[in-house]
Amino acid sequence: MKNFLFLGIVLILFSACSSKKSLISKTFDKQLSSTFYQNQFTGVLIIDATTKDTLYNLNSHKYFIPASNTKIFTLFAALKTLPAEIPSLKYIDRNDSIYFEGTGDPSFLHPYLKDSTALKFLQQHDNLVYSSGNFEDKKYGPGWAWDDYQWYYSPEKSNLPIHGNVVMTYRNEALQVSPTYFKDSVIQLTNKNNRNEFSNTFYYPTQSRDTLETPFITSNFTTKSILENLLNKKIGMNVAMPSGKKRTLYGISSDSLYVRMMHESDNFIAEQLLLLAGSELKDTLNSELIRTHILKNELKDLKQTPRWVDGSGLSRYNLFTPQNMVSVLDKLHNQIPKERLFAIFPTGGVSGTLKNRFAGDGQPYIYAKSGSLSNNYCLSGYLLTTSGKTLIFSFMNNHYRKSTREERSRMEQMLKTLRDTY
């Protein structure tokens, strides 16, 4: 009798689950087969985080341009590689001199993170020698738009970034420029560009009260000069560090960088995190090194091999499938405590790039990373249902000509159905 009762309960639960999945499929099929989606490319994969059951699948094995969903892979690489505190500098004390090199740490006097660990350390020593030869990457990622050089979201990569590799210009009675090294390089003049394309000459409109964040052209000489200006002392320069064991100066907590990258979709931090991870792996600042390592080792079980070319997703050369995204999100969900993981991701209706989108009815239900380039919008992450289940999803839209607002609105309708049904 007990066995029959147990079997009956199992059959009822199975029937209820099948009914819910069927309703979800019908709802999604109806929406995604509408004329709105006719001339675009859409892929969706949704799984139950606990049972791994697939609730919906459309084109999940096909490649899409992920935009900033790429940062999910960057987050995974950083979490697998970096310690709890970010390596800020590496140095050797030799013959009464401190030889130091950058690790790629983007937080050094960053305008929003404002970490001064490295600065305080360098202030304590008089004979400083900057070694610049460990950067084996390029300033820009493959396929980045050449005309983005002047916009805040596209700073150059470097081995020892300072102030986020941007010049902050604003007016507070008098003109304010940070880093102050560039004060004489700012011309108060209305110009169609914020900066000269080939030199560190910046333009700020005479009557403006806006704050401009403009990337500067990096070089080893520029880094050395900014440091000398900050420290008010001369710094020597060398290509290579002396032989011997390097010591590491640790700075800001790693999670603070992850939160900034994911919540604000900070491209610069994403790129520098890959350089940092490469430095941990092989003492060399090279983002390709860490991408290759992660794909060949930690993610060798992916069903489709992504084309992963940068850390931020600025490049349209990146190609990932919804299955790729869900697989990595699943690994993160299994390996990172939920409270910490969900704090790193933007929360719908609450924080980051989702603060004004995907709001719950008094209770957040979306923890996800959005990604947008012109004609592309993707959203991948975690969804909490009203029944208490956790779902992992990736929703990727490419090549649409409609408005992104409408794309998001239709997606939100489907995600709310998912929340309330399963």
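Fair warning: this is a prediction, and the values are worked out from it, not measured in the lab.

### As for the overall build of the protein
Each helix and strand in the protein was counted, giving 10 helices and 15 strands. Compactness check: the protein gives a C-alpha radius of gyration of 24 Å against a globular reference of 22 Å for 422 residues, within 12% of the reference. Dimensions of the protein, computed from C-alpha atoms along their principal axes, come out at roughly 85 × 50 × 35 Å. Within the protein, buried positions represent 54% of all 422 residues. In the protein, of all internal contacts separated by at least 6 residues, the share reaching a separation of at least 24 is 67%. For the protein, the exposed surface amounts to about 19,400 Å²; the carbon and sulfur share of it is 49%. Separation of charge centres in the protein, based on 49 positive and 38 negative side chains, amounts to 6 Å.

### What to know about the sheet that holds strand 1 (residues 41-48)
Strands belonging to one sheet form pairs held by backbone hydrogen bonds; the direction of such a pair is parallel or antiparallel. One open sheet accounts for five strands, arranged 2-1-15-14-13; its pairing is antiparallel. Each of the sheet's edge strands pairs with one partner strand only, and the pair in question is strand 2 (54-58) and strand 13 (366-373). Going across the sheet, the axis of each strand differs from the next one's by a mean of 5°, ignoring polarity. As defined by bridge partners, strand 13 adjoins strand 14 (residues 376-384) across eight bridges and the pair is classed as antiparallel.

### What about the packing of aromatic side chains?
Two numbers describe a pair of aromatic rings. These are the distance of the centres and the angle of the planes. What the rule picks out here adds up to 15 aromatic pairs. Their ring planes at 15° and their centres at 4.4 Å tell us that Phe41 and Phe64 sit as a pair that is stacked. Here Phe41 is found in strand 1, whereas its partner Phe64 is found in the loop between strand 2 and helix 2 (70-81), with 23 residues between them in sequence. Note on Phe41: relative accessible area 26%, which makes it partly exposed. For Phe64, a relative accessible area of 0% translates into the label buried.

### Quick notes on the sheet that holds strand 7 (residues 174-178)
Pairing is antiparallel in the open sheet, where three strands are placed in the order 7-6-10. The open sheet has two edge strands with one neighbour each: strand 7 and strand 10 (212-215). In this sheet, adjacent strand axes meet at a mean angle of 20° when their direction is disregarded.

### Quick notes on the environment of Glu406
Here Glu406 is to be found in helix 10 (residues 404-421). Separated by 97 residues in sequence, Glu406 and Val309 have C-alpha atoms that sit 29 Å apart.

### Considerations on the pattern of salt bridges
For the structure on display, the rule yields 16 salt bridges. We note a salt bridge from Asp126 to Lys233, for which the minimum N-O separation is 3.9 Å. On the criterion of sequence distance, the pair formed by Asp126 in the loop between helix 3 (117-123) and strand 5 (128-131) and Lys233 in the loop between helix 4 (220-231) and strand 11 (236-238) is long-range, its members being 107 residues apart. For Asp126, a relative accessible area of 61% gives the class exposed. Taking relative accessible area as the criterion, Lys233 reaches 17% and is therefore assigned buried. Ionic pairing is found between Arg260 and Asp266, a salt bridge with its closest N-O pair at 3.1 Å. Overlapping salt bridges, with partners in common, bring together Lys90, Glu101, Lys246 and Asp283 in one network.

Analysis parameters
- Residues numbered from 1 in each chain as written.
- Predicted model: local features only at pLDDT ≥ 70, side-chain atom pairs only at ≥ 80, totals over all residues.
- Heavy atoms only, no water.
- Helix = DSSP H or I, 4+ residues; strand = E, 2+ residues; numbered from the N terminus.
- Rg over C-alpha atoms; globule rule 2.2 N^0.38 Å.
- Buried < 20%, exposed > 50% of the residue type's maximum accessible area, 1.4 Å probe, protein only.
- Contact = heavy atoms within 4.5 Å.
- Areas by Shrake-Rupley, 256 points an atom, 1.4 Å probe, with all protein chains shown as cover.
- Lys, Arg positive; Asp, Glu negative; His and termini not counted.
- Charge placed at Lys NZ, Arg CZ, Asp CG, Glu CD.
- Pairing = 2+ DSSP bridges.
- Axes fitted to C-alpha atoms, helices over the stretch in contact; angles between N-to-C directions.
- Phe/Tyr/Trp six-rings, centres within 6.5 Å; stacked < 30°, edge-to-face > 60°.
- Salt bridge = Lys/Arg side-chain N within 4 Å of Asp/Glu carboxyl O.

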